[in-house]
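# Geometric and topological summary
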Amino acid sequence: MRAKMRIHSVDRTSQGKEGDSYRSIAVRAAAVAKDSCYPADGSDEDNSFARWSPSADLSIHIANPALFDKINSGDVFYVDFHRALPAAAPTG
C-alpha cells in the first residue's frame, strides 16, 4: 500500500545555545488532497490518491542527523507500507 503525503510542518529542536546542531525534528504530514487546480478529467496523480485515501495524518520524530535537512514544509513523499514479518515463536 502506498500513500502520498505532503509535509505541513517541520519543528527542529536544538540543544544548548542557539546555532547548536539539532537534537531531533518533529515532522507532520497529511495525505495529498483534491485541489481546484486538478484537470477536469481527474487525471492528476494527487487526485487519484485523494480519491482512494481521502484522509491521512502522519507524525514522526526523527533523531537521525543525516535526515535533518532533507525534509522541509511543502515537500511531498510517497510512504510505503509493507507488512512486517511475524515475530519468530519462542523456542524452548
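Residues numbered from 1 in each chain as written. Predicted model: local features only at pLDDT ≥ 70, side-chain atom pairs only at ≥ 80, totals over all residues. Heavy atoms only, no water.

## Remarks on the overall build of the protein
For the protein, the helix and strand inventory stands at one helix and four strands. Shown N-terminal to C-terminal, the secondary structure of the protein runs as helices and strands in the order β-β-α-β-β. Going through the 92 residues of the protein one by one, you find that 23% of them count as buried. The long-range share in the protein, meaning contacts at least 24 apart out of those at least 6 apart in sequence, stands at 66%. (Helix = DSSP H or I, 4+ residues; strand = E, 2+ residues; numbered from the N terminus. Buried < 20%, exposed > 50% of the residue type's maximum accessible area, 1.4 Å probe, protein only. Contact = heavy atoms within 4.5 Å.)

## Digging into the pattern of salt bridges
If the charged atoms of two oppositely charged side chains come close together, the side chains can form a pair. Counting across every chain of the model gives four salt bridges. Arg-2 serves as the salt-bridge partner of Asp-80, at 2.7 Å between the closest nitrogen and oxygen. Remark: Arg-2 occurs in strand 1 (residues 2–14) and Asp-80 occurs in strand 4 (residues 76–80); sequence separation between them is 78 residues. Accessibility expressed as a relative area gives 39% for Asp-80, which makes it partly exposed. The salt bridge partner of Lys-4 is Asp-46, with a shortest N-O separation of 2.5 Å. Of this pair, Lys-4 sits in strand 1 while Asp-46 sits in helix 1 (residues 45–52), and the two are 42 residues apart along the sequence. Take Lys-4: its relative accessible area is 11%, and that puts it in the buried class. Residue classification places Asp-46 among the buried positions, given a relative accessible area of 11%. Through salt bridges that share partners, Lys-4, Arg-6, Glu-45 and Asp-46 make up one connected network. (Salt bridge = Lys/Arg side-chain N within 4 Å of Asp/Glu carboxyl O.)

## Some remarks on the nonpolar core
Judged by nonpolar contacts, Ala-3, Met-5, Ile-7, Val-10, Ile-25, Val-27, Ala-29, Ala-31, Ile-62, Phe-68 and Ile-71 together constitute the single largest core of eleven residues. Put simply, the parts of the chain that give this core at least two residues each are strand 1 and strand 2 (22–31). Residues contacting Met-5, with those up to four places away along its chain left out, are Ala-29, Ala-30, Ala-31, Val-32, Ala-56, Asp-57, Leu-58, Asp-75, Val-76, Phe-77 and Val-79. (Core = buried A, V, L, I, M, F, W, Y, C linked by side-chain atoms within 4.5 Å.)

## Observations regarding the side chain of Ser-24
Structurally, Ser-24 can be placed in strand 2. In contact with Ser-24, not counting residues within four places along its chain, are Asp-11, Arg-12, Thr-13, Ile-62, Ala-63 and Phe-68.

Bear in mind that shape data such as this cannot, by itself, settle questions of function.
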